[in-house]
Amino acid sequence: MKTEVAKQTLIEKDQKHLWHAVYKEVEGANPIIAASGEGSWFNDIDGNRYFDGVSGLWCLNLGHGRKEIVDAAAEQMMKLSYSPLTLSHEPAIELSAKISELLGGEGYKTFFSNSGSEANETAFKIARQYHAQNGNPGKYKFISRYRAYHGSTLGALSATAQANRKLKYDPPAPGFLHVQPPYSYRSPFGDTQDPDMIAAEMIDQMITWEGAETVAGVIMEPIISGGGVIIPSQGYLQRVAEICKKHNVLLIMDEVVSGFGRTGKMFGFMHYEGVQPDIVTMAKGLTSGYLPLGATAVKSEIYKKFKEEGINNHFRHVSTYGGHPASCAVGLKNLEIIERENIVARVAHLGEIILGELKELISHKNVGEVRGAGFLYGIELVEDKETKTPVTDTFVGKIIASCKEKGFIIGKNGDTVPGFSNVLIIAPPLSSTEADLKRLVEAVKIALAEL
Ligand code: PLP
C-alpha cells in the first residue's frame, strides 16, 4: 500500500490534472482511486475493497485478472504490434467471423472501431451511404427513443435522447428524431392493454409523417440500459422490425451494453423471436473492457451495395486503432471464455434468482418497480407509489453512498431526463458468484431500510 504522503501527492495531481468523466467536483471529496482488482472486486489506494456492481461502465463482464486474456494481448503485441485494417490481420478476420456466427441470420460483415460511440457513428454513415447507393439518396434521418443513450460523439449524442446529457452541447446534428420509449411504468397510454405496442406504432407514424423517403434508420437498444433499464413487452421489437421493413428503414440494434450475455442471451435482440437487425453495434462486453474495441456488423446483403463498381461506392471511413490486433485477440479470447464457461446460460439462470430477490424490495414504500433481464437490473424509486413522483437525487445519492460504505458499488440513470435520475442500476460482472450477488442485494435492502 502507498504511504500517506504518496497518496496525498496522487490526490493532488488528480485534482490538478485529471478531468474525470461525468464527475461533479465537490470541495473536500475525492473520487475513488482504483489500484488493483480480482474477479468482481477491486481495491482503492487506501486498501478499501469494493464489489463492482456496475462492471466499471457495464463492460468488465469477465471480471479482473483473467490471465488468459492478458496473455492473448501480450502475445499478439509481440507477434504483430500494430497493423491497420486498410490491410488485414488474423485476429480481426477470426473475430469478424465469430461475430457473424454469433449473430445468426444470413451472415454479417463487421467494421471495427474503438468504442460504442464510434460503432454507432459508423452505423449511421453506413446506413446513409447504403440508401444513397440503393437509389434513395434522400434517406438520411434516424429515429431513436427518449431516455436512450447512444454515445458521446456529436452524431451518437444527437441520437441520444437524454436531455440532460445534451444541454449546452446544442445544436445536435440535423436529422435525429426521438419517439416515445416502450416504458409501460410511465406510459402516457397507461390504461391500454399493451402500451408498448402503441409506442411501436408511433414509430410507424413518425416514419409516415416524416416521409419514409427521408428516413434511413431506427436505432435502439433491445433493452434501454443506462436510461433506466426499460424492457419492452414481447411484441414490441417484432413490430418495430416489421415497421422498418415496410418503410425500407434499417433497424440498427445498439448492443453496446446488452451484447455478449449481459441480458441472459448472447445478444439482447435474441429475447425477441424473429428479429434479425440490419446493423448491430457492439463494444464493452466484446472485450470485457480489457482493451477498447467497437464493432459495427452489417447484414451481408446490405454490404453488397458497397462492392458495386462506381466512384466513391466503397466505404470511405477509416480508424487508425479500430480493430487493433491486440484488441481483436482479446475479443476472441473473451468470447472463447464466455462459451467455455457457459456464461450466457449462467447469467440467464442466476439472473432470474437475483431478480426474484430484488423484487422483494417492491414492498418498500419508495420502490415503484423492479425490472431486470440477466445481470441487468433497474430499481425505480418514487416518493409515492400512486403518483409515481420520482425521488430526489439526494435520496438516490444516499442509497448509493450507503451501499458504497458497505463495500458495494451500484449506479443510477444519471443525466437522463431532468428530475428523473431515480432508477438504481445494477449490472455486475457476469462471472460474479451467487454469494456475492446475494450480499449485494442484501446491501441494497439494508440501504433502503435505513432511510
Ligand atoms: N451505446 C450504449 C447503449 C451505451 O451504453 C454506451 C456507453 O455507455 C455507448 C453506446 C457508447 O459507448 P462508448 O462509451 O464506448 O463510446
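Residues numbered from 1 in each chain as written. Predicted model: local features only at pLDDT ≥ 70, side-chain atom pairs only at ≥ 80, totals over all residues. Heavy atoms only, no water.

Peer 1: Quick one: what's the story with the site of the ligand, residue by residue and with numbers?
Peer 2: Inspection of the region around the ligand gives Ser 115, Gly 116, Ser 117, Asn 120, Tyr 149, His 150, Gly 151, Glu 221, Asp 254, Val 256, Val 257 and Lys 284 as its neighbouring residues. Between Ser 117 and the ligand, the recorded distance is 2.6 Å, taken from a side-chain N or O atom to an oxygen atom. One nitrogen or oxygen atom from the side chain of Lys 284 is found 2.8 Å from an oxygen atom belonging to the ligand. Within the complex, the protein chains bury 83% of what would otherwise be the 390 Å² of accessible surface of the ligand. Per-element tally for the shell around the ligand: the top contributor is helix 5 (residues 116-133), with 3 residues. Partitioning the shell around the ligand into residue classes produces 3 nonpolar, 6 polar and 3 charged. (Near = heavy atom within 4 Å. Polar contact = N/O pair within 3.5 Å; in protein donor to acceptor, adjacent residues only side chain to side chain. Areas by Shrake-Rupley, 256 points an atom, 1.4 Å probe, with all protein chains shown as cover. Helix = DSSP H or I, 4+ residues; strand = E, 2+ residues; numbered from the N terminus. Nonpolar A, V, L, I, M, F, W, Y, C, P; charged D, E, K, R; others polar.)

Peer 1: So, the environment of Phe 42: which residues are in play, and what are the values?
Peer 2: Mapped onto the elements, Phe 42 comes out in strand 2 (residues 41-44). As a C-alpha pair, Phe 42 and Gly 407 span 365 residues in sequence and 9.9 Å in three-dimensional space. Once residues within four sequence positions are removed from consideration, Phe 42 is found in contact with Ile 32, Ala 34, Ser 36, Gly 37, Asn 48, Arg 49, Tyr 50, Asp 52, His 64 and Ile 409. (Contact = heavy atoms within 4.5 Å.)

Peer 1: Give me the lowdown on the sheet that holds strand 15 (residues 423-426), citing residues and values where you can.
Peer 2: Pairing is antiparallel across the open sheet formed by 4 strands, whose spatial order is 11-12-15-14. In this open sheet, the two edge strands, each paired with only one partner strand, are strand 11 (367-373) and strand 14 (411-412). Judged from the 4 bridges that link them, strand 12 (residues 376-381) and strand 15 form a sheet pairing that is antiparallel. Residue pairing across strands places Gly 378 opposite Ile 425, the latter belonging to strand 15. (Pairing = 2+ DSSP bridges.)

Peer 1: Break down the pattern of salt bridges for me, with residues and values.
Peer 2: All chains considered together, the criterion is met by 23 salt bridges. Residue Glu 380 is joined to Arg 186 by a salt bridge in which the shortest nitrogen-to-oxygen separation is 2.8 Å. Of this pair, Glu 380 sits in strand 12 while Arg 186 sits in the loop between strand 6 (176-179) and helix 8 (195-210); the two residues are 194 residues apart in sequence, bridging distant segments of the chain. The partner of Arg 239 in a salt bridge is Glu 242, and the shortest N-O contact between them spans 2.8 Å. Linking Arg 239 with Glu 242, this pair stays in helix 9 (residues 234-246), spanning 3 residues, or about one helical turn. Connected via shared salt-bridge partners are Glu 68, Lys 333, Glu 336 and Arg 340. (Salt bridge = Lys/Arg side-chain N within 4 Å of Asp/Glu carboxyl O.)

Peer 1: Break down the sheet that holds strand 7 (residues 215-220) for me, with residues and values.
Peer 2: One open sheet holds the 7 strands; their spatial order is 4-10-9-8-7-5-6, and the pairing between them is mixed. Both outer strands of the open sheet, strand 4 (108-113) and strand 6, are each paired with one neighbouring strand and no more. Averaged over all pairs of adjacent strands, the angle between their axes in this sheet comes to 20°, without regard to strand direction. Inspection of the sheet shows strand 9 (residues 279-282) paired to strand 10 (residues 294-299) by 4 bridges, in the antiparallel sense. By the bridge assignment for strand 10, Ile 279 is matched with Val 298. (Axes fitted to C-alpha atoms, helices over the stretch in contact; angles between N-to-C directions.)

Peer 1: Let's hear about the pairing of strand 2: which residues, and what values?
Peer 2: When strand 1 (residues 34-38) meets strand 2, the two strands line up antiparallel, connected through 4 bridges. Pairing of Gly 37 across the sheet is with Phe 42, part of strand 2. In sequence, strand 1 turns back onto strand 2 through a hairpin of 2 residues, with Gly 39 there showing a positive phi of about 60°. Between strand 2 and strand 3 (residues 49-52), which pair antiparallel and follow one another directly, the connecting turn spans 4 residues, one of which, Gly 47, has a positive phi of 85°.

Peer 1: Let's hear about the packing of aromatic side chains: which residues, and what values?
Peer 2: Taken as a whole and judged by the stated rule, the model has 13 aromatic pairs. Relative to Phe 51, the ring of Trp 41 lies with its centre 5.4 Å away and its plane at 75°, an arrangement referred to as edge-to-face. Of this pair, Trp 41 sits in strand 2 while Phe 51 is found in strand 3, placing the two residues 10 residues apart along the sequence. Taken individually, Trp 41 and Phe 51 each receive the classification buried, so the pair is uniform in this respect. An angle of 85° between the planes, with centres 5.4 Å apart, marks the rings of Phe 111 and Phe 315 as edge-to-face. Linking Phe 111 in strand 4 with Phe 315 in the loop between helix 10 (300-303) and helix 11 (325-340), this pair joins segments that are 204 residues apart in sequence. Over the ring of Tyr 149 we find Arg 165, and its NZ or CZ is 4.8 Å from the ring centre. (Phe/Tyr/Trp six-rings, centres within 6.5 Å; stacked < 30°, edge-to-face > 60°. Buried < 20%, exposed > 50% of the residue type's maximum accessible area, 1.4 Å probe, protein only. Lys NZ or Arg CZ within 6 Å of the ring centre and 35° of its normal.)

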